[in-house]
Each structure stands twice: as C-alpha cells, then as structure tokens.
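Given next are the chains, with one letter for each unit.
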Amino acid sequence: MIIQQNISLKNYNTFGIAVNAKRFISVTSVYELQQLLKVEKDIFLLSGGSNMLLTKDIEKLVIHLNIKGISIDNEDENAVYLTVNSGENWHEFVLWCISNNYGGLENLSLIPGNVGTCPIQNIGAYGVEVKDTITKVEGLEIETGKLVSFSNEACKFGYRNSIFKNSHKGKIILTSVGFKLTKKNHLLNTSYGAIETELALKNILKPSLSNVSDAVIAIRKSKLPDPKEIGNSGSFFKNPVISKKQFLKLQKTNPNIPNYVVSENEIKIPAGWLVEQSGFKGKRFGEAGVHEKQALVLVNYGNASGEEIHQLAKKIQATVLKNFQVSLEIEVNVMQ
C-alpha cells in the first residue's frame, strides 16, 4: 500500500471542488483496510464522492474505498441474495441487476455514487427506498478493525437516514451491502406520476424492469445535470416534513403548494418548490448557482469553492424560512 502526498480531490467528488488531500491512499480489499486501521485512526473516508461538499483541504489521511465485487450468496426460484462490495458504482450495479432480471432497484437508476454509501442516507427516488431491498450491511469498526454486520432492522432506516448518519457516524467503515431482489413476479412501482407519463408516451402498457429503469433515466436526465458536465451532488436539501396544522396555515396563503401525506398529522413539501418560489431557480452567484431545471440542485459552474456553495445554501435556507416559516435541512454532507 502506497500513501500518496498532496493529491487533488477535484476528480473524486461530483461537485468538482478543487481541494487537496495531504495524504491519500486507495484500498481495494477489506484486508488492506484492516491493516491500515492498525496504524491510522484519524482518517477521512471517500467513496463515490457524490453526497459531499468539500470546503477545505483535508489534513487527515484520505482513504478512497475502491473495494469491488458482486457475489450471489443464495437464491431460489423467487429471489436472489447478493453481497455487493462498497466500491461498486451504484448505477452500474442497478443496470447489472436489470440485465440479470433481478427486480427491486430499477426506480433507483442513475443515482450517483457507490454502493457503500447507499445505506447511509437510505437513498430513494420515485416511490422506492433502498431499505426495502437491503438485508444486511457490513463494515469495519475504525477503533478495533473488527468486521461487524447489521441487519436491516439494526440499521434503523428512516427518510434519508440511518444509524450510520447518527450514533455510528465516524465509527464504522461500510465495506459491503446485502440485497434481496426478486427473480420473477416483480412488483413494479410505476405509481409515481412522471414514470406513468413517460411509459404512456412510449405506449408501454406492461412495463419490464428495463422499461421502468429507462423511464427513470429519461426523467432524471431531463431534470438533473450530469456531474461529468457540471459539478453537483444531486438533491442538496431534504424535502421537509411539517405538521398538518402548519401545512393548512401555509396552504391558506399558498393554495397551489404541492404536498404528500406522510401520516395522519404530517405532510411532506417538495424542497425544490420552496426554493423555486423563493426566486433562486436558475440564479447564478459567481461560480456557484442553482440549476435552471431543478431548484433542488446546487451547481458548480467550474471554479466555485465549497464554501461559496455552502454560503449559497445558507442564503437559500434563510430566505425559505423567512418566506414560508419552513426549515430546510441540507441533505449533502458538508465537510468543514
């Protein structure tokens, strides 16, 4: 294992922020990682770099998790059980599943990042959350180097949340994720309006896994910028969930406010709508800005610093709070 000095991380984060790692190493196996943890504890983990905003150079040892591999643990006529290592690209893994007729992840097509980060924030899109297919999450304890395993229940998944964002943050390095996927009688989720519309445009009445995936990809491409073309980290803010009482009050002055019922007393509001109504959609502030097609996405037009993007996010939060009395929570991990 070779530790490199003063390595630029511009190509290791989807925002394309030009910060440096004082020391950098890429690991390709759990064994390498265990050996490294025997001598290094003060570390900074880097996977696909898709859900982070880097605001300054990293003084800690940056460990790039590049552990690859997909294995079939068990299968029967109805389902397959997989273990997927953390360094696998998420979208490529989804496409691999579809090519093998494994169902359950098609709605999560084209989400940036690697498999190892998918449980941390319980990634979700178009009516599906990854927790619905996860059977286990494995990782290494940073303090001991011991391999540990978490059941689905032990992960305490919530909306864009898990124990890996809370009690276990900074304590565990996720090395693999287990999935249970269907092999037949797939329960396709096409109820999300945009998917139904996309399928109808193509006159697809009985969609396959690939049909649903293609529809999701088309929708995402029409709304979200490609990080390879313009730096971004996808959705920057969580969709806020507010009380029904607060929503009804808000609805009086904003009768067209879109909403989704979460429970009897809770309503979810699209964060992108709040940002757009506050006048930020398509606005540029130097090299940082808000995407012209999706107000939920903050972008780096080329040379923005992480701090410039963070300050823009704070400005958006303050304006939305002033206009709607709703607090926007940042979904992206801001590294300060």
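What counts, and where the lines are drawn
- Residues numbered from 1 in each chain as written.
- Predicted model: local features only at pLDDT ≥ 70, side-chain atom pairs only at ≥ 80, totals over all residues.
- Heavy atoms only, no water.
- 1 Å grid on protein atoms, 1.4 Å probe; cavity = no way out; pocket = protein on both sides within 12 Å on 5 of 7 lines; lining within 4 Å.
- Points joined across faces, edges and corners; volume = space filled by probe spheres on them.
- Helix = DSSP H or I, 4+ residues; strand = E, 2+ residues; numbered from the N terminus.
- Nonpolar A, V, L, I, M, F, W, Y, C, P; charged D, E, K, R; others polar.
- Pairing = 2+ DSSP bridges.
- Buried < 20%, exposed > 50% of the residue type's maximum accessible area, 1.4 Å probe, protein only.
- Polar contact = N/O pair within 3.5 Å; in protein donor to acceptor, adjacent residues only side chain to side chain.
- Contact = heavy atoms within 4.5 Å.
- Phe/Tyr/Trp six-rings, centres within 6.5 Å; stacked < 30°, edge-to-face > 60°.
- Axes fitted to C-alpha atoms, helices over the stretch in contact; angles between N-to-C directions.

Student: Outline the layout of surface pockets, supporting the account with residue identities and numerical values.
Tutor: For the second largest pocket, the calculated volume is near 960 Å³. In terms of lining residues, the second largest pocket is bounded by 32 residues, among which Thr14, Pro112, Asp226, Pro227 and Lys228 are the most central. Of all the secondary structure elements, the ones that give two or more residues to the lining of the second largest pocket are α2 (90–99), α4 (209–223) and β13 (231–235). Per element, the largest residue contribution to the lining of the second largest pocket is four residues, and it comes from α4. Partitioned by chemical class, the residues of the lining of the second largest pocket number nine nonpolar, 14 polar and nine charged.

Student: Describe the sheet that holds strand β18 (residues 288–290), and please don't skip the residues or the numbers.
Tutor: By way of backbone hydrogen bonds, the strands of a sheet pair with one another, either parallel or antiparallel. With antiparallel pairing, four strands are arranged side by side in an open sheet as β13-β19-β18-β17. Across the chains shown, the open sheet's two edge strands, defined by having one partner strand only, are β13 and β17 (284–285). Looking at chain direction, β13 and strand β19 (residues 297–300) are connected through three bridges and run antiparallel. Within β19, the residue paired with Asn232 across the bridge is Val299.

Student: Report on the side chain of Asn254, specifying residues and quantitative values.
Tutor: Looking at the secondary structure, you find Asn254 in the loop between α5 (244–253) and β15 (260–263). Taking relative accessible area as the criterion, Asn254 reaches 19% and is therefore assigned buried. At 3.0 Å, the side chain of Asn254 forms a polar contact with the side chain of Thr253. Sequence-distant contacts of Asn254, that is, excluding residues within four places in its chain, are made with Trp273 and Phe324.

Student: Break down unusual backbone geometry for me, citing the residues and quoting the values.
Tutor: Positive phi is not limited to glycine here, since Arg160 has a value of about 50°. Note that Arg160 resides in the loop between β11 (147–151) and β12 (172–182). Phi angles above zero are rare outside glycine, and Gln325 is one such case at about 55°. Turning to its location among the elements, Gln325 is positioned in the loop between α7 (306–324) and β20 (333–335).

Student: So what about the packing of aromatic side chains? Which residues, and what values?
Tutor: Applying the stated rule across the entire model yields 12 aromatic pairs. Relative to Trp96, the ring of Phe93 lies with its centre 6.4 Å away and its plane at 20°, an arrangement referred to as stacked. Placement of the pair is Phe93 and Trp96 together in helix α2, with a separation of three residues, close to one helical turn. Of the residues examined, Trp96 reaches a relative accessible area of 29% and is grouped as partly exposed. Taking 5.1 Å as the distance between ring centres and 85° as the angle between the ring planes, the aromatic pair formed by Tyr126 and Tyr192 counts as edge-to-face. You can see Tyr126 sitting in the loop between β8 (124–125) and β9 (128–129) and its partner Tyr192 sitting in the loop between β12 and α3 (193–201), a full 66 residues away along the chain. A residue is classified by how much of its surface remains accessible, and Tyr126, at 10% relative accessible area, is buried.

Student: So what's going on with the side chain of Ser233? Which residues, and what values?
Tutor: On the secondary structure map, Ser233 appears in strand β13. When sequence neighbours within four positions are dropped, the list of residues in contact with Ser233 reads Thr14, Phe15, Ser50, Asn51, Met52, Leu298 and Val332.

Student: How would you sum up the environment of Gly113? Please name residues and give values.
Tutor: Tracing the backbone through its elements, the reader meets Gly113 in the loop between α2 and β8. In sequence terms Gly113 and His91 are 22 residues apart; their C-alpha atoms lie 7.8 Å from each other. In this structure Gly113 touches Gly48, Ser50, Asn89 and Trp90, once residues within four positions along its chain are discounted.

Student: Describe the pairing of strand β7 (residues 79–85), with residues and values.
Tutor: β7 sits mainly inside the fold: five of its seven residues count as buried. Across five bridges, strand β6 (residues 70–75) lies against β7 in antiparallel orientation. Pairing of Asn74 across the sheet is with Tyr81, part of β7. Adjacent in sequence and paired antiparallel, β6 and β7 are bridged by three residues. Inspection of the sheet shows β7 paired to β12 by seven bridges, in the antiparallel sense. Bridge pairing in β12 places Asn85 opposite Ser176.

Student: Any details on the sheet that holds strand β1 (residues 4–8)? Residues and values, ideally.
Tutor: Strand order in the open sheet made by the four strands is β1-β2-β5-β3, with mixed pairing throughout. Edge positions in the open sheet fall to β1 and β3 (43–46), since each of these has one partner strand only. Shown here is a sheet whose adjacent strand axes are inclined to one another by a mean of 45°, direction ignored. By the bridge criterion, four bridges tie β3 to strand β5 (residues 58–65) in an arrangement that is parallel. Its bridge partner lying in β5, Ile43 is registered against Leu61. Across the sheet, helix α1 (residues 30–37) touches β2 (20–27), β3 and β5, and the angle it forms with β2 is around 135°.

The quantities given are spatial measurements derived from coordinates; they are silent on function.
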